[in-house]
Amino acid sequence: MSSWEESISKVFHRFRLDSIKSKILVFALFATLIPSLVTTWVSYAENKRSLTEKTTEELQSAGIQAAREVDLWLKERLYDLRVFSSSYEVSENLERLATAPARSSERLQALSRLKEYLRSVQEPFADYEELLVFSSEGRVVATGERRGGTGDALETGGTGATISVLPQPFVDSVLVAQTAHTKAAWDSALGKPVMRIAVPIRAADDRFLGALAAILNLETVDGILARFVPGTAGEVYVITEAGNPIVSSRTASADLQHTEPTRATVAALFDSTVKAVSYTDYRGEAVVGTGARVPGMDWAVVAQIPSSEAFAQVARLRNVSALLLLALLVGVGLLAYGLGLSIVRPLNRLTHGASQVAGGNLAVDVPVLGGGEVGYLTEVFNDMVGRLRKGREELASINETLAAQNEKLERLSITDGLTGLYNHRHMMDTLTQEAQRSRRQQHPLSVILLDVDHFKRFNDTHGHQAGDEALKRVAALLAEATREVDCLARYGGEEFLIMLPETDLAGAAEVAERIRSRVASEPFTVGRNYTTVTLSVGVAEFPIDGDEPTSVIACADAALYRAKREGRNCVVTARETSIEVQKEA
């Protein structure tokens, strides 16, 4: 053997490709894979590049337009504030407040007119949470009082306003730049993102009298952002340079306060020269987005769409290419496989059968074709598999018998022998689990406790056998009147307990009344006569009436006993019971 043949043989042996079938398969797969993968990759890369450029252009357009609209919105609010501050009502009354004696009628009249004016101009604008007038010393003197209670406190020296004293840098900014604003921040009292802006108030002779400030509700910006949402699942939102989201076209402002993009992502989004950035947003979703600065602010408007939507076309191309490649591989593989089988068919059948047996499949019967050593080996193999199969069937039969016995014992351990309903122990276990689920998911859960009225008298009159029949009849009616998800149990004696998941007190009360009415209206046979029984029913809801399974049952029990006191054959809820207890106290 030549050296190159020996080297190739070692390579095939190293990768366990010694058989003729394996060598044919490897050749066919490589001849198919290499040109197909190269062509697919080039097409995929070109399409992704083109789609990335298109997506970047759309996102940048949406972000820039939204940023312009947000900037225009801010300028309009400042313009409105300047118009308000230039009003004769503001400047004249503020000047009178500065010169009039404390608590004089003139001062009170000026304060009243100033507050009335602020209310009148504030009311039509949802963007303004509150308008405030500050004196030249920077102290608040009047407010529009949309949230109430500020004006009276101001006159006596107190303040209920969001800002009681303007910081000196804020005053200086108003004097120098004729406007001032604070950073956007979350106002926990309002439950909204807000920003404070101010403009100067001047007298007719251009003297500085104070400032008119406004608390802007930034949630109104989401209507602007919604007009520029890209794609079908896109989002436009505003973030600060520190990376704090302010308002979004898709997510509530309160939910944004607990999120923050990574610093690197924020820096890239604020860089207008950077193309679309791929990152994980504050919801943990893979997205593609761009940022556009809002002029004069430390804000950027981010326009983003999910990566799955942005590259859907590329994904489709990738999937189609993968399917075509797979189909090609399957076709070539089947051809090579058939050629290999035609060469080594007898041994291949036996090898395949042995691998199936090793994997646990004993339904193997290798056909015996021809004689010789391979034929004899195939017969021995089939005989061995037959013995194994028979042994496994016998073992499976034994296991089925044991499983049926265990299932019967389990069923007997959790059911009541007379009624066929669940017993007390199983009901308490189930109620404990359902209460934990209800508390975890904050879903309603109610229980109904039912007691057969005058059951002892019924037993004494008709006999214990008739009493047992009455209990079984009541149990059958309960099963018919409840859902499959509800849990029914014989709680003890003539008492029954029903657990209703996903049901509040009102819904449980309706079910209880339906059951009570049906039991009372359907007679059953006792001996040769027909008779009926009635139920007293108590209803309670977890965790409102009781925060533990035992306590909610106790509340239902208290309601049941009130039903008995009120004449039986009626339904009483735990809330009615608690009200009655308070009245008695």
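Residues numbered from 1 in each chain as written. Predicted model: local features only at pLDDT ≥ 70, side-chain atom pairs only at ≥ 80, totals over all residues. Heavy atoms only, no water.

Caption draft 1: Molecular detail of the nonpolar core. Ranked by internal contacts, the top residues of the largest apolar core, which has 56 residues, are Leu 81, Leu 225, Trp 299 and Val 301. It is helix α2 (residues 20-85) that provides the largest number of residues to this core, a total of twelve residues. Core analysis: the next-biggest nonpolar cluster, separate from the first, contains 31 residues, Leu 450, Leu 478, Val 519 and Val 571 among them. (Core = buried A, V, L, I, M, F, W, Y, C linked by side-chain atoms within 4.5 Å. Buried < 20%, exposed > 50% of the residue type's maximum accessible area, 1.4 Å probe, protein only. Helix = DSSP H or I, 4+ residues; strand = E, 2+ residues; numbered from the N terminus.)

Caption draft 2: Representation of the confidence of the model for the chain in the model. Per-residue confidence for the chain averages 80 on the pLDDT scale, and 82% of its residues sit at or above 70. Low pLDDT, under 50, characterises residues 147-162; the stretch is placed with 33 contacts to residues that sit more than four places away or in other chains. Across residues 579-585, confidence stays below pLDDT 50; counting only partners more than four residues off in sequence or on other chains, it has one contact. (pLDDT = per-residue confidence, 0-100. Contact = heavy atoms within 4.5 Å.)

Caption draft 3: Representation of the pairing of strand β14 (residues 495-501) in the model. Extensive coverage of β14 is indicated by the burial of seven of its seven residues. Burial along β14 is two-sided: Glu 495, Leu 497, Met 499 and Pro 501 facing one way and Phe 496, Ile 498 and Leu 500 facing the other are all buried. Bridge analysis of strand β12 (residues 445-452) against β14 gives seven bridges, and the strand direction is antiparallel. Looking at the pairing, Leu 450 lines up with Phe 496 of β14. Here strand β13 (residues 487-492) runs beside β14; their pairing, made up of five bridges, is antiparallel. In the sheet register, Gly 492 faces β14, and the bridge partner there is Glu 495. A loop of two residues connects β13 with β14, the two strands running antiparallel in sequence, and Gly 493 in this loop sits at a positive phi of about 60°. (Pairing = 2+ DSSP bridges.)

Caption draft 4: Region of interest: helix α13 (residues 424-441). Spanning 18 residues, α13 covers 25 Å between terminal C-alpha atoms, matching the ideal 26 Å at 1.5 Å per step. Residues of α13 that are buried include every one of His 426, Met 427, Met 428, Thr 430, Leu 431, Glu 434, Ala 435 and Ser 438, and no others. Gln 442 sits one or two positions beyond α13 and adopts a positive phi of about 55°. (Expected span 1.5 Å × (residues − 1).)

Caption draft 5: Quick peek at helix α17 (residues 549-565). The first and last C-alpha atoms of α17 sit 25 Å apart over 17 residues, in line with the 24 Å expected at 1.5 Å per residue. Here α17 has its buried residues at Pro 549, Val 552, Ile 553, Ala 556, Ala 559, Leu 560, Arg 562, Ala 563 and Lys 564. Directly beyond the C-terminal end of α17, a positive phi value near 115° is found at Gly 567.

Caption draft 6: A nonpolar patch on the surface, seen in detail. Residues Ile 34, Val 38, Trp 41 and Val 42 make up a contiguous nonpolar surface patch of roughly 430 Å² in combined accessible area. When you line up the elements, Ile 34 lands in helix α2. (Patch = residues over 30% accessible without salt bridge, like charges linked within 9 Å, V, L, I, M, F, W, Y side chains within 5 Å. Areas by Shrake-Rupley, 256 points an atom, 1.4 Å probe, with all protein chains shown as cover. Salt bridge = Lys/Arg side-chain N within 4 Å of Asp/Glu carboxyl O.)

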